[in-house]
Amino acid sequence: MVTSCPQGLDPYRLPSHIAVIMDGNGRWARAKGLPRMMGHRAGVQALKSTLRNCSDWGINALTVYAFSTENWSRPVDEVNFLMTLFESVLEREIDSLEREHVRIRFLGDLEVLPGRLRDLISEATNKTIGNEGIHFNVCTNYGGRRELVLAAKRLAELSARGELDPSSIDENKFASQLLTAGEEDPDLLIRTSGERRISNFLLWQLAYSEIYVTDVLWPDFDESALLHALLDYQARCRRFGGLDPIENRSIGEKT
Ligand code: FPP
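Below: a short report on this structure. (Residues numbered from 1 in each chain as written. Predicted model: local features only at pLDDT ≥ 70, side-chain atom pairs only at ≥ 80, totals over all residues. Heavy atoms only, no water.)

Below, the discussion takes up the site of the ligand. Surrounding the ligand, one finds 18 residues, the nearest of these being Asp 23, Gly 26, Arg 27, Arg 36 and Arg 74. Contact distances for the ligand include 3.0 Å between an oxygen atom and a side-chain N or O atom of Asp 23. Within the backbone of Gly 24, a nitrogen or oxygen atom sits 3.4 Å from an oxygen atom of the ligand. Isolated, the ligand exposes 630 Å² of accessible area, and the fraction of that covered by the protein chains is 90%. Listed by contribution, the elements that provide at least two residues to the shell around the ligand are α1 (25–31), α2 (36–57) and α3 (76–99). (Near = heavy atom within 4 Å. Polar contact = N/O pair within 3.5 Å; in protein donor to acceptor, adjacent residues only side chain to side chain. Areas by Shrake-Rupley, 256 points an atom, 1.4 Å probe, with all protein chains shown as cover. Helix = DSSP H or I, 4+ residues; strand = E, 2+ residues; numbered from the N terminus.)

Overall, the coordinates contain six aromatic pairs when judged by the stated rule. Arranged with centres 5.9 Å apart and planes meeting at 80°, the rings of Tyr 65 and Tyr 142 form a pair that is edge-to-face. Of the two residues, Tyr 65 is situated in strand β2 (residues 61–68) and Tyr 142 in strand β4 (residues 135–142); the sequence distance between them amounts to 77 residues. As far as burial versus exposure is concerned, Tyr 65 and Tyr 142 are alike and both buried. Centroid distance Trp 218 to Phe 221: 5.2 Å. Interplanar angle 15°. Geometry classified as stacked. (Phe/Tyr/Trp six-rings, centres within 6.5 Å; stacked < 30°, edge-to-face > 60°. Buried < 20%, exposed > 50% of the residue type's maximum accessible area, 1.4 Å probe, protein only.)

Applying the stated rule across the entire model yields 18 salt bridges. Here Asp 23 and Arg 191 are joined by a salt bridge, their closest N and O atoms 3.0 Å apart. Remark: Arg 191 occurs in strand β5 (residues 188–191) and Asp 23 occurs in the loop between β1 (17–21) and α1; sequence separation between them is 168 residues. Arg 191 matches Asp 23 in its accessibility class, with the two residues each being buried. Between Arg 52 and Glu 100 there is a salt bridge; the shortest N-O distance is 2.8 Å. (Salt bridge = Lys/Arg side-chain N within 4 Å of Asp/Glu carboxyl O.)

This next bit is on the nonpolar core. One recurring pattern in soluble globular proteins is that nonpolar side chains are buried together. Residues Ile 18, Leu 62, Phe 136 and Ile 190 are the most contacted members of the largest nonpolar core, which totals 44 residues. Counting residues per element, this core draws most heavily on α3, which supplies seven residues. Among all residues touching Leu 62, those that are not within four sequence positions of it are His 17, Ile 18, Val 20, Thr 50, Leu 51, Cys 54, Ile 134, His 135, Phe 136 and Asn 137. By size, the runner-up hydrophobic cluster in this structure holds ten residues, among which are Leu 107, Tyr 142, Leu 202 and Leu 206. (Core = buried A, V, L, I, M, F, W, Y, C linked by side-chain atoms within 4.5 Å. Contact = heavy atoms within 4.5 Å.)

A separate point is unusual backbone geometry. Phi at His 101 takes a positive value of approximately 65°, unusual for a residue other than glycine. Assignment of secondary structure puts His 101 in the loop between α3 and β3 (103–107). The exposure class of His 101 is partly exposed, given its relative accessible area of 34%. Backbone geometry places Asn 141, a non-glycine residue, at a positive phi of 50°. Along the polypeptide, Asn 141 turns up in strand β4. The exposure class of Asn 141 is buried, given its relative accessible area of 4%.

On the surface, Ile 198, Leu 203 and Ile 211 cluster together into a nonpolar patch covering about 220 Å² of accessible area. In this structure, Ile 198 sits in the loop between β5 and β6 (210–213). (Patch = residues over 30% accessible without salt bridge, like charges linked within 9 Å, V, L, I, M, F, W, Y side chains within 5 Å.)

Residue placement: Asp 109 occurs in the loop between β3 and α4 (115–128). A distance of 3.3 Å separates a polar atom in the side chain of Asp 109 from the backbone nitrogen of Glu 111. In terms of polar contacts, Asp 109 uses its side chain to reach the side chain of Arg 146, at 3.3 Å.

A few words now on the pairing of β1. Among the five residues that make up β1, five are buried, leaving the element largely enclosed by the rest of the structure. A two-sided burial pattern is seen for β1, the buried positions comprising His 17, Ala 19 and Ile 21 on one face and Ile 18 and Val 20 on the other. Of the pairings in the sheet, the one linking β1 to β2 comprises five bridges and is parallel in character. Note on β2: the bridge partner recorded for Val 20 is Val 64. The sheet contact formed by β1 and β5 spans four bridges and is parallel. (Pairing = 2+ DSSP bridges.)

This is the structure we're talking about:
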């Protein structure tokens, strides 16, 4: 439900789908002399405010990187803390997500997550599946390469069973096997804490996304930081490999 769009932002040129790599929780905590876990707790508040603002300003989808397939290599205490944090946040927020018409989905290999978290994920997904507000996708135990391999495997299986003609495989058919099937590709990728990497996130889907990197650490990513990202996005000219519509000149190669 769109309630407001901040002054200076063109409501007709907002990204429809925003993806976020929420980075810098640990550094935020260290800078304050706090344990890393406090950074993750503060990160939850930044996520809540970002989701609320995106929903209020008319963004259709928000996809965040909460836990990567590589994050299992962190110390066991931190992994356990994150799993428990996901559980408590879901349990606490499930009703407000429902009230605010958010449709939440979890993308990744969910089978290996703790049983209680899996149950809460199923409950939240089922409860909000018919909601018509913002699509909130939480990438959990997600890896982009893994997602691509699984899509390729699935297409190979369908072909081997004679249910799919391999020569008919095109970009749309491939995308239909991804975890994001049915969702438009992100228009904008935001990465906090200054790192300039994609880190195995949405490798297929980010093909033409605008990338915005900010030095702001994730727990400090507030309304004004989101506004900055959106203003920066609106100042860009998206060409998708075509002509520059303003100067009407050939770009020569895909940009
Ligand atoms: C990256 O910061 C952050 C994470 C790996 C966890 C992100 C999770 C949250 C913000 C909580 C989300 C909650 C729900 C329910 C979806 P980092 O630890 O890599 O920071 P550093 O690079 O400074 O060490």
